[in-house]
Amino acid sequence: MEEIHESIDTAKIARRAFWASAAFYALIAFEFFYMASPFAAYFYAVYGPGLDILQSIGLTNWTIQFFLPHALEATSSPLIAILEPLGVAMFFGGLIVFAVGAFQIYRAKLLRKDAVMGGIYRKIRHPQYLALMVASLGLLLVWPRFLVLIFTVIVVFLYIALAKAEERICLARYEGYGAYMRETGMFLPKGWLSGFRVNFGVSTIGRLAGWSLVFIATLAVAIAAAFGLRSHAISSLYAHEAPEGVYLAVTEIDEAEMASIVEIAKTSPDVQAALSNLGGSARILGYVMPREMYVSEIPMYLPPGETFGHSAPRNHDGASWKVIFTQAIVGDGEAPVGRDIVRRAFNKTPLFEVHVDKASQRVVGFRPPPATPYYANHQVPLF
C-alpha cells in the first residue's frame, strides 16, 4: 500500500507540473487562434505586454521570433512549403488518436475494468501521450515561434514524466501489468528502438540529474535546428535587396519584376522625402504584394468590406501592386544589410504604403500608416 501511495503522490506532483506548464503552453501556442478572431485587439491587450517584455530584453527578444514563414506563404523551398500543411495534418491527426484513446479509457472506467491493454493500447502503453506529442509538434509547425518550441519540449518531457508515474501506479494496482509492459513499448511498438535505452539508476538524484541533462541537450538541439530552418527559410523567400533595406514578396514573383515594382515606388517624391528623413542608418523592411491583398501582420490600410488573409487574389491582373514600407527594429550593433535585416529584426515600425501601376510605370497612390495597426505595436511574424 505504501508503494501505491508513493506512486500516487509522484503522479500528482507530475500532473501539477504538467498542468502549470500546459497552461503557459496553451496561452503561447494557441496565439494564432485568437489572432485570427474578431477579438484579436482584446486578447493582445492582455497577451501583448508579455511579448513586449521579452522583446525589450536583449537576451530574450529572439524567443518571440518565428523560425518558419507565416505572413509570407510564398517560398522557393519545397521543404519549407510543405511544413505548415504537414503541421496541420499532425495536429488534427494527433487529436483524433487522443480522442480514440480517451474513449477507451473512460469506457473502461465506467465499466470498472482493469487497465486498458487492447485497441490502440495493444502495441504501445501511452498512445494518448504520443498523440498529444504529435499534435504539439504539428502545432509548432503551424505557429513556429521559438517560445512555442521551448514550451513544446517542456511539455513533451512532462508527458514522459506523467507516463512513468502512471506506470508505477498501474504496476502496483493491476495484476498482469508487468507482463503487459514487457510485451509493449512506452511510446513506440516494442523493438522499434531496441538498441536505445535510458537508465540513470535507482537514485532519485541520479535520475533527476540524468533527465535534466537529456532535457537541456534536447532543447539545445531543437533550438539549433530551428535556427537552421529559419536561416534556410529566409534564404528561400522571394526578396529584393536594395541599399536602404530588403523587400519581401508575399506572392511568388520574379526578382527582376519585384525590383522594378520597388524602383517605381521609390520614384514618388513622398517616398524620397520620407526615406531621406529616416537617415542612412535606418533599415527598411518592405513588403511587395498585389494591391487587392491584405495581410493583418503587415501594417496597411484595409478598405471597408475587405478582410485580411494570406492568399493572393485570383483576379489579380499582374499590373496593380503595392509596397508596404516599414522600419526594421534590429537593436544595437552595426546596421545589417540585405536578408540579414530579416534575420536580425525582431519587430517593425509602420511607415507608409505606395500603390504602383506597373503597366504605366507610375505611382498611383501614397498612404500613411494606419492610425492603429491591427495588432498595434506588438510583435507579430515578420515573414
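Read on for an overview of the structure. (Residues numbered from 1 in each chain as written. Predicted model: local features only at pLDDT ≥ 70, side-chain atom pairs only at ≥ 80, totals over all residues. Heavy atoms only, no water.)

### Notes on the overall build of the protein chain
On a plain count of helices and strands, the protein chain comes out with 11 helices and 6 strands. Per-residue burial over the protein chain gives 47% buried out of 383 residues. Carbon together with sulfur atoms contributes 62% to the accessible area of the protein chain, which is approximately 19,500 Å² in total. (Helix = DSSP H or I, 4+ residues; strand = E, 2+ residues; numbered from the N terminus. Buried < 20%, exposed > 50% of the residue type's maximum accessible area, 1.4 Å probe, protein only. Areas by Shrake-Rupley, 256 points an atom, 1.4 Å probe, with all protein chains shown as cover.)

### Observations concerning the sheet that holds strand 2 (residues 245-249)
In spatial order, the strands read 1-2-3-4-5-6; together these 6 strands make up an open sheet with mixed pairing. In this open sheet, the two strands that pair with only one neighbour each are strand 1 (239-242) and strand 6 (362-367). For this sheet, the mean angle separating the axes of adjacent strands, direction not counted, is 25°. Docked against the sheet, helix 9 (residues 255-265) engages strand 1, strand 2, strand 3 (284-290), strand 4 (320-329), strand 5 (347-357) and strand 6, running at close to 50° with respect to strand 1. In the packing of helix 10 (residues 269-278) onto the sheet, the strands contacted are strand 3, strand 4, strand 5 and strand 6, and the crossing angle to strand 5 comes to about 160°. (Pairing = 2+ DSSP bridges. Axes fitted to C-alpha atoms, helices over the stretch in contact; angles between N-to-C directions. Contact = heavy atoms within 4.5 Å.)

### Quick look at the pairing of strand 4
Across the 10 residues that make up strand 4, a large majority, 8, are buried. Here 7 bridges tie strand 3 to strand 4, and the two strands are oriented antiparallel to one another. Considered in strand 4, the bridge of L285 is made with T326. Taken together, the 10 bridges between strand 4 and strand 5 define a ladder with antiparallel strand orientation. Paired with I329 across the bridge in strand 5 is N347.

### A look at the nonpolar core
Counting 43 residues, the largest nonpolar core has L72, L149, L248, Y287, M289, I298 and F383 as the members making the most contacts within it. Residues Y238, Y247, V262 and I264 belong to the second largest nonpolar core, which totals 22 residues. (Core = buried A, V, L, I, M, F, W, Y, C linked by side-chain atoms within 4.5 Å.)

### A short note on the pattern of salt bridges
Going through the model one piece at a time under the given rule, you end up with 5 salt bridges. Linking E241 and R339 is a salt bridge whose minimum nitrogen-to-oxygen distance equals 3.6 Å. Here E241 is found in strand 1, whereas its partner R339 is found in the loop between strand 4 and helix 11 (340-344), with 98 residues between them in sequence. On the accessibility criterion, E241 (43% relative accessible area) is partly exposed. The closest approach of N and O atoms between R343 and D340, which form a salt bridge, is 3.1 Å. Of this pair, R343 and D340 both sit in helix 11, 3 residues apart, which is roughly one turn of that helix. Of the residues examined, R343 reaches a relative accessible area of 27% and is grouped as partly exposed. Through salt bridges that share partners, E244, E263 and K266 make up one connected network. (Salt bridge = Lys/Arg side-chain N within 4 Å of Asp/Glu carboxyl O.)

### Description of helix 6 (residues 146-173)
The first and last C-alpha atoms of helix 6 sit 41 Å apart over 28 residues, in line with the 40 Å expected at 1.5 Å per residue. Most of helix 6 is tucked away: 21 of the 28 residues are buried. (Expected span 1.5 Å × (residues − 1).)

### Comments concerning the pairing of strand 2
The buried count for strand 2 comes to 5 of 5 residues, which makes it a mostly enclosed element. Here strand 1 pairs with strand 2 via 4 bridges, running antiparallel. Each bridged residue has a counterpart across the sheet, and for A239 the counterpart in strand 2 is L248. Where strand 1 folds back on strand 2, the antiparallel hairpin that results is connected by 2 residues. Pairing analysis gives 5 bridges linking strand 2 to strand 3, with the strands arranged parallel. By the bridge assignment for strand 3, A249 is matched with V288.

### Re the packing of aromatic side chains
Describing an aromatic ring pair means giving the distance of the ring centres and the angle of the ring planes. With the rule as written, the count across this model stands at 13 aromatic pairs. Measuring from ring centre to ring centre gives 5.5 Å for W62 and F146, while their planes differ by 70°; the resulting arrangement is edge-to-face. On the criterion of sequence distance, the pair formed by W62 in the loop between helix 3 (40-56) and helix 4 (78-110) and F146 in helix 6 is long-range, its members being 84 residues apart. The exposure class of F146 is buried, given its relative accessible area of 0%. On the basis of an interplanar angle of 85° and a centroid distance of 5.7 Å, the ring pair of Y247 and F325 is categorised as edge-to-face. Placement of Y247 in strand 2 and of F325 in strand 4 is noted, with a sequence separation of 78 residues between them. Like Y247, the residue F325 is buried in the burial classification. Taken together, the ring pairs in this structure connect W62, F67, F146 and F227 into an aromatic cluster. The ring of Y301 has R367 sitting right over it, with the charged end atom 4.0 Å from the ring centre. (Phe/Tyr/Trp six-rings, centres within 6.5 Å; stacked < 30°, edge-to-face > 60°. Lys NZ or Arg CZ within 6 Å of the ring centre and 35° of its normal.)

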